[in-house]
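Here's the letter readout for the chains.
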Amino acid sequence: SAHLRIPDSTKLVIAQGQPAWEVCGGPGSIHSWRGYLRPDDHGGGLVHQGTGAPGDSGRHTTSSPIAPAVLGTVHIAHLNKEPWLTVPAMHDWQRAGEYLAGTWPLPFPPIHDAGWCPWNVVTDFFSALGPDTPLVIDTEFHETGLIWLIGLFSEATGEVLQLHWIDPKVDSWRKAVFIELLRDAIGRVPVILQNALADVRAMRTTWKLDWPDFHHIDDTMQAHAVLYVEYDHDLGFLDSCYGKHHRVKHLFKSNPTLYNAGDCWTPAYAMAGLGRELDRDPLSAQVYRDRLELLPIIDESMTRGIRINKEA
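For clarity, every value in this text was computed on a predicted model and none was experimentally measured. Along each chain, residues carry numbers from 1 onward, in the same order as the chain's sequence is written. Per-residue local features are limited, in this predicted model, to residues with pLDDT of at least 70; the limit for side-chain atom pairs, both in listing and counting, is 80 or more; totals at the level of whole chains, interfaces and linings are taken over all residues. Based on all heavy atoms of the structure, the side-chain values leave hydrogens and waters out of the count.

## Notes on the overall build of the protein chain
Here comes step 1: We count a stretch as a helix when DSSP gives it H or I for four or more residues in a row; a strand needs E for two or more, and each element gets its number in order from the N terminus. Within the protein chain one finds 10 helices and 10 strands.
Here comes step 2: The size measure is the radius of gyration over C-alpha atoms, and the globule rule it meets is 2.2 Å times the number of residues to the 0.38 power. Over its C-alpha trace the protein chain gives a radius of gyration of 21 Å, about what one expects of a compact globule, namely 20 Å for 312 residues.
Here comes step 3: Dimensions along the principal axes, computed over C-alpha positions, put the protein chain at roughly 65 × 50 × 45 Å.
Here comes step 4: Accessible area is worked out with a 1.4 Å probe on protein chains only. A residue is then buried under 20% of its type maximum, exposed over 50%, and partly exposed in between. The burial tally for the protein chain puts 50% of its 312 residues in the buried class.
Here comes step 5: Within the protein chain, contacts between residues separated by at least 24 positions form 70% of all contacts whose residues are at least 6 apart in sequence. Residue contacts follow a heavy-atom distance rule, with two residues in contact if any of their heavy atoms lie within 4.5 Å.

## What to know about unusual backbone geometry
Phi is mostly negative for residues that are not glycine, and the peptide bonds are mostly trans.
Here comes step 1: Put simply, Trp104 and Pro105 share a cis peptide bond, and its omega is -5°.
Here comes step 2: The residue Asn195 is not glycine, and still its phi comes out positive at about 70°.
Here comes step 3: Its place among the elements puts Asn195 in the loop between strand S9 (190–193) and helix H6 (196–207).
Here comes step 4: Using a relative accessible area of 26% as the deciding quantity, one classes Asn195 as partly exposed.
Here comes step 5: We note that Lys208 has phi near 65°; this positive angle belongs to a residue other than glycine.
Here comes step 6: Along the chain, Lys208 turns up in the loop between H6 and strand S10 (216–219).
Here comes step 7: Given a relative accessible area of 63%, Lys208 falls into the exposed group.

## Overview of the sheet that holds strand S6 (residues 135–141)
Here comes step 1: Strands are labelled as partners when DSSP assigns at least two bridges between them. A sheet is described by the order of its strands in space; here 6 strands give the open sequence S5-S8-S7-S6-S9-S10, paired in mixed fashion. On the outer flanks of this sheet lie strand S5 (111–113) and S10, each paired with one strand and no other. Strand-to-strand, the axes of this sheet are offset by a mean angle of 25°, without reference to chain direction.
Here comes step 2: Bridge analysis of strand S7 (residues 147–154) against strand S8 (residues 159–163) gives 5 bridges, and the strand direction is antiparallel. Paired with Ser154 across the two strands is Glu159, which belongs to S8.
Here comes step 3: Here the axes come from fitting lines to C-alpha atoms, over the contacting stretch only for helices, and the angles between their N-to-C directions go from 0 to 180 degrees. Each of S6, S7, S9 and S10 touches H6; the most contacted strand, S6, lies at about 70° to it.

## What to know about the confidence of the model for the protein chain
Here comes step 1: For the protein chain, mean pLDDT is 90; residues scoring 70 or higher make up 91% of the total.
Here comes step 2: Predicted confidence for residues 43–49 stays below pLDDT 50, and this span has 28 contacts to residues more than four positions away or in other chains.
Here comes step 3: The predictor rates its confidence in each residue with pLDDT, a number between 0 and 100. Low confidence marks residues 57–66, where pLDDT is under 50. Its contacts with residues over four positions away, or in another chain, come to 23 contacts.

## Some remarks on the packing of helix H8 (residues 235–242) against helix H9 (residues 256–279)
Here comes step 1: The interhelical angle for the contact between H8 and H9, taken along N-to-C directions, is 65°, at an axis separation of 9 Å. As for the relative orientation of H8 and H9, their crossing is left-handed in sense. In this structure, H8 contributes Leu235, Leu238, Asp239 and Tyr242 to the contact, and H9 contributes Asp263, Thr266, Pro267, Tyr269, Ala270, Gly273, Leu274 and Glu277.
Here comes step 2: Basically, the charged four are Asp, Glu, Lys and Arg, the nonpolar ten are Ala, Val, Leu, Ile, Met, Phe, Trp, Tyr, Cys and Pro, and anything else, Gly included, counts as polar. Per-class residue counts for the contact of H8 with H9 are 7 nonpolar, 2 polar and 3 charged. Crossing handedness is read from the near helix: turned anticlockwise from the far helix by less than a right angle, it gives a left-handed crossing, and turned clockwise, a right-handed one.

Here it is as structure tokens:
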């Protein structure tokens, strides 16, 4: 009990390991939440800006913060068991310094729904895109490969633009013009995807957008797999190391809008960090470039399948 009498002057508690995380009120596994604050510590940071859709008219915040804030990380002794977590743990401790300095986590960028927001918001977003700032695309699709939600993010705009593709209440002209603007954008600006193979296949199924339509593609999953082959390569892990905002990966069912938005801004931050590491490692950079060139070939082979002796 003496250990849990936190002085009022304390600004941040670092919970090392699962027992400490649970005692501090942290949810789930420390491996899922390392590098993040407790959900209750979001305070004014976890803000949904309102998309303009019917029934979504304004800002909604989470519950008030519980002082002091709690940052989760693995216990230092655990690194003897899983030494591969050493670099991620270093990212966690770096975030502690950024939190105390007031530079992390940053407020969420505004989120706009292209199906309902003023149309000039959509055209302004695409007009701001340039060759020096990549466009991040993230898609949510059904098992059939048909996209039901697409999200875009660019640090040139500092905003997320989403479209619920299969929503019957969205005007068909908005959908058609949106895709034409998207087709023009991917043909002139670099694009960042997380698992380009899956996203391009989904865009081909839904809108006939294919590899030749893209000016250039970067794939954060491939880049991370080259640099850190033994790590997890999903967006949740990348966000825990390179992200600038609160965790939203747990909100798929409760807030899919914010979940998708997180999948849009995370690749932008991750690719910036991975790009700096690739610049310092020319041999890995060449392997990464080779992988990108292989993706359309792998896609074609997956589409054709393997020729077999059907009778046998």
